[in-house]
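One-letter residues, chain by chain:
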Amino acid sequence: MNPSSPVNAYWSRSVDEIMETLESSAQGLDSSTAAARLKEHGANTLTADHSPVRAVRLFLERFSSPLVLILIFAASVAFIVHDWLNAVIVLGIVVITAVLSFIVEFRSTRAVEKLQQQVAVRATVLRDGQTQSVSVKDVVPGDIVVLTAGSLIPGDGLLIEAKDFHVTQALLTGETFPVEKQPGIVAEDAALVDRSNCVFMGTSVRSGTARALVVQTGAATRFGQIAGKLALRTPETEFERGLRHFGILLVRVMVVIVLAILAINIILHHPTIETVLFAMALAVGLSPEMLPAIMTITLSRGAKTMAGHGVIVKRLNAIENLGSMDVFCTDKTGTLTKGVVELDRTLDITGQDSDRVMQLACLNSSFETGLSNPLDEAVIAAAVKRGLTTQDHEKLDEIPYDFTRKRLSIVVRQKTDGTCRLITKGALQNVLAACDRVQTGQETAPLDEQYTRIIQQRFADWSAEGYRVLGVAHKSVPEQTGHYSRDDEEQMIFDGFLLFFDPPEENVHDVLNALEHLGVQLKIITGDNRHVARHVAEAVGFQVERIITGADLDRMRDEALWHLAPQVNLFAEVDPNQKERIITALQKTGHVVGYLGDGINDAPALHAADVGISVDQAVDVAKEAADFVLMEHDLEVLRKGINEGRRTFANTIKYIFITTSANFGNMISMAIASLFLPFLPLLAKQILLNNFLSDIPALGIADDNVDRDWEVKPHRWDIRLIRNFMLTFGLVSVVFDLVTFGVLLALAGEVAEIFRTGWFMESLMTELLVLLVIRTNLPFFRSRPGRFLLWSIAGMVVLTLAIPYLPIGAIFEIVPLPGPVLLAIIAITGCYVLVSEMTKHIFFQRFGRQRS
């Protein structure tokens, strides 16, 4: 059979048969075959990534906005009634705006995607008979993948071999708990949940190890077939939530004002087509239509800057959340400590150094093939220093680590005498639970209350000194042909202790102070016991206010946790499943929560957090769930990321403040002017030109400088503040528009062309210059704007004064103004800037820049 043909009901056929069908082997594919299949089947993604097609789709999306559709409808009406000039002008402005928005957004998106490739999830496959790490996108049918705890499964496949292999597949089947998978054959009509010999794309390995033959990839997988139907929408970020509420506010204001203006002009018998175009142009005038482009530019620039600091952004909209974050949760390892674990001592039950315990730990860690971890690496490093090897032993079997047993066992046979031993290493309490005797020198004794009390006391004492303590046990077992299981972990002999030490991070105190200065509370959530956690925290100057343990959480109702969680900064002995509960409790009390995790069980907490952060060395499932990936496990890197998030948020809010206040004022002014003028105060094409020219400098906001006060505390969306700002500065704009109306009527009479030109120039120049005022909380002359913003404003002001004398002026019916009228417009503009500066000072004294 051709390997490109679909393999039907592969779960009901043997591995050898499917392997032959796919022209693969136990050594995997060769590189040339894999490359050919990648070209044939395409990248292993759910959607085809054809850049030209995607570019066209992104461009067409520029025309899907309701506001743009309104303009297209208006232009269509103008075409129908043969108002060719207005129709062409409206469509021309729509197209130019769309092209400008598309170019900046497409470039920004491509730049961010290149950065994200640095932290793309990889898969371990057999190629040319050797294990290789390849991008998940490059996995093809016929590949043999090596799976360990924490791996994301890169395609649908058939298990070749498995050991205590459990998979989380709730995404596809809804099963709450991990399910065990093992090689075999199941019925052809078996439901998805019953295909225990298969693994599926989109699921993840919870524990154990396995090898699987990839049968289907990309859109051909079960996940690919239903991905479009699944409700897999990413949880709404704090920023997206605020943006949605802002949109609702705009729509309400827009509908009321547009309907009022439309009704007034119809009652006054103004020309119907001009009135319709006028009302629709006003609707567009109120909207910040460049906001998507501004946001994309701002976010992508933020992502590139953060990448320079060692933070890769996987989800752009989470950047603002990082700036809004006021609670940061993390484990102590690699945060308060260096994350470089060392095996300090190996001790027997009497507290004496023990070569026996070291040898047992060496065998356990050296033969372990599951989840790579720093503790095993530390044991192996210590064994090498002591000259210990595993040459006299061979591995028979392994019982992998899982988060319920919290221990790992290896079965080895000594080559000299053929004796077999099961050696267990893990959390002290869990190892003791499998023991009924203790090693005392060359003899053993029952594990009675006295020995238990001695062990627990030593554990508490060493923990209080900052050591992480594991237990080691063993027992003799008969050699058998089948696999050993968890049931064999009983009636074991407790041998002693492994004491690990992770030195405190030298500069962490300064970083903790910096986070506190930024208004971010640090909360430690660790699985280590309370004694170790307190010792390490106090060693680096972290003030422990109160400790809650996992046992406390089990007894605590959700309502009580909501009350206590904000007051507690150290959670110890926490089960991985309790992390998500803590984060949810903090969110319930109004906090924006960040979480740093790198383990298998951190994925739910990373999903639940407003800001999910992982590290480049994390397991696949953690990296996939995160919004950000730190290239270094360093809080200083995170601090820089927070500053960038706040800068990005500040510039986005600036644009909203500026456009809504100015545009709202103009709409009110037009509504008033419509009551007493015998003509429309501005033509639709003049409104759109005004809007377009004012949007060009607005693009510079993405690169604008940000005042220091924006960086010293978290900021969040405040719709009430935006509404008050819009009303306050909108009314200031209205007052000056009315003054302009009076001056124009007094100096030029009811000459429509001069009136419209005068107001067009006053409206545009005030909107341009007020950018310099509103962009900062300081007096505008004390805050330096970005270079593009400053020079584009200057250029647009000059262009505004020059338009009446250019050929484009005749097209838009903008005429040269008499000298007294032009001087009056300039004077009014200058007064408006000064009054806006004073109003800003009063407004922010009363309402505050941004409530946190």
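This text follows the structure it describes.
Quick look at the structure, then.

Quick notes on the rules
Residues numbered from 1 in each chain as written. Predicted model: local features only at pLDDT ≥ 70, side-chain atom pairs only at ≥ 80, totals over all residues. Heavy atoms only, no water. Helix = DSSP H or I, 4+ residues; strand = E, 2+ residues; numbered from the N terminus. Buried < 20%, exposed > 50% of the residue type's maximum accessible area, 1.4 Å probe, protein only. Contact = heavy atoms within 4.5 Å. Areas by Shrake-Rupley, 256 points an atom, 1.4 Å probe, with all protein chains shown as cover. Pairing = 2+ DSSP bridges. Axes fitted to C-alpha atoms, helices over the stretch in contact; angles between N-to-C directions. Left-handed = near helix turned anticlockwise from the far one by under 90°. Nonpolar A, V, L, I, M, F, W, Y, C, P; charged D, E, K, R; others polar. Patch = residues over 30% accessible without salt bridge, like charges linked within 9 Å, V, L, I, M, F, W, Y side chains within 5 Å. Salt bridge = Lys/Arg side-chain N within 4 Å of Asp/Glu carboxyl O. Core = buried A, V, L, I, M, F, W, Y, C linked by side-chain atoms within 4.5 Å. Phe/Tyr/Trp six-rings, centres within 6.5 Å; stacked < 30°, edge-to-face > 60°. Lys NZ or Arg CZ within 6 Å of the ring centre and 35° of its normal. Expected span 1.5 Å × (residues − 1). Parallel < 35°, antiparallel > 145°, perpendicular 65-115°, else oblique. Arc of directions from axis to C-beta. Polar contact = N/O pair within 3.5 Å; in protein donor to acceptor, adjacent residues only side chain to side chain.

**A short note on the overall build of the protein chain**
Here comes step 1: Helix and strand counts for the protein chain stand at 29 helices and 23 strands.
Here comes step 2: Taking all 852 residues of the protein chain together, 55% fall into the buried category.
Here comes step 3: Residue pairs in contact within the protein chain that sit at least 24 positions apart in sequence constitute 74% of those at least 6 positions apart.
Here comes step 4: Accessible surface for the protein chain amounts to roughly 35900 Å². Of this, 56% is attributable to carbon and sulfur atoms.

**Brief notes about the pairing of strand 9 (residues 327-330)**
Walk down a regular strand and you will see the side chains alternate between the two sheet faces.
Here comes step 1: Covered by surrounding structure in strand 9 are Val-327 and Cys-329 together with Phe-328 and Thr-330, the residues of both alternating faces.
Here comes step 2: Where strand 9 lies against strand 18 (residues 521-525), four bridges are found, and the strand directions are parallel. Of the residues in strand 18, the one forming a bridge with Cys-329 is Lys-523.
Here comes step 3: Bridge count between strand 9 and strand 21 (residues 593-596): four bridges; the pairing is parallel. Within the sheet, the bridge partner assigned to Thr-330 lies in strand 21 and is Leu-596.

**Considering the sheet that holds strand 8 (residues 311-313)**
Here comes step 1: Pairing is mixed across the open sheet formed by eight strands, whose spatial order is 8-23-22-21-9-18-20-19. Because the sheet does not close on itself, it has two edges, and the strands there are strand 8 and strand 19 (547-549). Here the strands of the sheet are splayed against their neighbours by 20 degrees on average, with no regard to which way each runs.
Here comes step 2: Sheet topology places strand 22 (residues 611-615) next to strand 23 (residues 628-630); three bridges connect them, and they run parallel.

**What to know about the environment of Ala-303**
Here comes step 1: Following the sequence through the fold, Ala-303 ends up in helix 10 (residues 291-308).
Here comes step 2: On the basis of relative accessible area, Ala-303 is assigned to the buried category, the value being 2%.
Here comes step 3: Measuring from C-alpha to C-alpha, the distance between Ala-303 and Val-313 comes to 5.8 Å, with 10 residues separating the pair along the chain.

**Observations concerning the packing of helix 25 (residues 719-748) against helix 26 (residues 752-774)**
Here comes step 1: Between helix 25 and helix 26, whose axes approach to 10 Å, the crossing angle comes to 145 degrees. For the pair helix 25 and helix 26, the crossing hand works out as right-handed. Counted together, Phe-725, Phe-729, Phe-736, Asp-737, Thr-740, Phe-741, Leu-744, Leu-745 and Ala-748 of helix 25 and Ile-754, Phe-755, Gly-758, Trp-759, Glu-762 and Ile-774 of helix 26 form the full contact between these two elements.
Here comes step 2: Classifying every residue of the contact of helix 25 with helix 26 by side-chain character gives 11 nonpolar, two polar and two charged.

**Section: a nonpolar patch on the surface**
Here comes step 1: The grouping of Val-95, Val-99 and Ile-103 at the surface amounts to a nonpolar patch, some 200 Å² of accessible area in total.
Here comes step 2: You can see Val-99 is positioned in helix 5 (residues 84-116).

**Structural notes on the nonpolar core**
Here comes step 1: Within the largest apolar cluster, 85 residues are counted, with the highest numbers of intra-cluster contacts made by Leu-322, Phe-328, Leu-336, Ile-613 and Phe-628.
Here comes step 2: With sequence-adjacent residues up to four places away left out, Leu-322 is seen in contact with Met-306, Val-611, Ile-613, Phe-628, Leu-638, Gly-641 and Ile-642.
Here comes step 3: Membership of the second largest hydrophobic core comes to 60 residues, among which are Ile-656, Phe-741, Ala-752 and Val-770.

**Observations regarding the packing of aromatic side chains**
Here comes step 1: Throughout the structure, instances matching the rule amount to 14 aromatic pairs.
Here comes step 2: On the numbers, 4.9 Å between centres and 75 degrees between planes, the contact of Trp-462 with Phe-497 is edge-to-face. Placement of Trp-462 in helix 15 (residues 449-464) and of Phe-497 in strand 17 (residues 492-501) is noted, with a sequence separation of 35 residues between them. Across this residue pair, the class does not change: Trp-462 and Phe-497 are buried.
Here comes step 3: Members of the aromatic cluster, joined through ring pairs, are Phe-657, Phe-725, Phe-729, Phe-843 and Phe-844.
Here comes step 4: The lysine or arginine in question, Arg-195, covers the ring of Trp-11, its NZ or CZ lying 3.5 Å from the ring centre.

**Overview of the pattern of salt bridges**
Here comes step 1: Applying the stated rule across the entire model yields 21 salt bridges.
Here comes step 2: Across the pair Arg-534 and Glu-538 runs a salt bridge, and its minimum N-O distance is 3.3 Å. Of this pair, Arg-534 and Glu-538 both sit in helix 17 (residues 530-539), four residues apart, roughly one helical turn.
Here comes step 3: Shared partners join several salt bridges into a network, and the residues in it are Glu-394, Arg-413 and Glu-479.

**Things to note about the environment of Pro-400**
Here comes step 1: Mapping Pro-400 onto the fold places it in the loop between strand 11 (393-399) and strand 12 (407-414).
Here comes step 2: On the basis of relative accessible area, Pro-400 is assigned to the buried category, the value being 4%.
Here comes step 3: When the C-alpha positions of Pro-400 and Asp-164 are compared, they lie 6.6 Å apart, and in sequence the two are 236 residues distant.
Here comes step 4: When neighbours within four sequence positions are excluded, Pro-400 is seen to be in contact with Lys-163, Asp-164, Gly-208, Arg-405, Arg-407 and Leu-408.

**Looking at helix 25**
Along an α-helix, residues three or four apart share an orientation, since each turn contains 3.6 residues.
Here comes step 1: For helix 25, with 30 residues, the first-to-last C-alpha span of 41 Å sits near the 44 Å given by 1.5 Å per residue.
Here comes step 2: Positive backbone phi, approximately 70 degrees, marks Gly-749, located one or two places after helix 25.

**Some remarks on the environment of Ala-626**
Here comes step 1: In this fold, Ala-626 is placed in the loop between helix 22 (620-625) and strand 23.
Here comes step 2: Between the C-alpha atoms of Ala-626 and His-607, which are 19 residues apart in sequence, the distance is 7.2 Å.
Here comes step 3: Not counting residues up to four positions away in its chain, the partners in contact with Ala-626 are Lys-314, Gly-612, Ile-613 and Ser-614.

**Comments concerning the packing of helix 25 against helix 29 (residues 819-847)**
Here comes step 1: Packing of helix 25 against helix 29 leaves a shortest axis separation of 10 Å and a crossing angle of 160 degrees. Considering their axes alone, helix 25 and helix 29 lie roughly antiparallel with respect to each other. When the axes of helix 25 and helix 29 are compared, the crossing they make is right-handed.
Here comes step 2: Across the contact of helix 25 with helix 29, the residue classes tally to 20 nonpolar, six polar and one charged.

**Thoughts on helix 13 (residues 374-385)**
Here comes step 1: In this model, helix 13 (12 residues) spans 16 Å end to end at C-alpha, consistent with the 16 Å of a helix rising 1.5 Å per residue.
Here comes step 2: Of the positions making up helix 13, those classed as buried are Leu-375, Asp-376, Ala-378, Val-379, Ala-382 and Ala-383. One side of helix 13 carries all its buried residues, which in axial view fall inside an arc of 160 degrees. Exposed side of helix 13, more than 90 degrees from the buried face: Val-384 and Lys-385 are the residues found there.
Here comes step 3: Those residues of helix 13 hidden inside the fold are in contact with strand 10 (342-348), helix 12 (355-367), strand 13 (420-427), strand 16 (468-476) and strand 17.
Here comes step 4: Where helix 13 terminates, the next one or two residues include Gly-387, which has phi positive at roughly 80 degrees.

**Description of the side chain of Asn-364**
Here comes step 1: Locating Asn-364 in the fold gives a position in helix 12.
Here comes step 2: Looking at Asn-364, the relative accessible area reads 0%, which means it is buried.
Here comes step 3: Of note is the side chain of Asn-364, whose polar atom sits 2.6 Å from the side chain of Lys-425.
Here comes step 4: Leave out the neighbours within four places in its chain, and Asn-364 touches Leu-408, Ser-409, Ile-410, Ile-423, Thr-424 and Lys-425.

**Here we look at unusual backbone geometry**
Here comes step 1: One non-glycine residue, Lys-406, lies in positive phi territory at about 55 degrees.
Here comes step 2: Phi is positive for Gln-491, which is not a glycine, with a value near 50 degrees.
Here comes step 3: Residue placement: Gln-491 occurs in the loop between strand 16 and strand 17.
Here comes step 4: The exposed category is assigned to Gln-491, whose relative accessible area is 57%.

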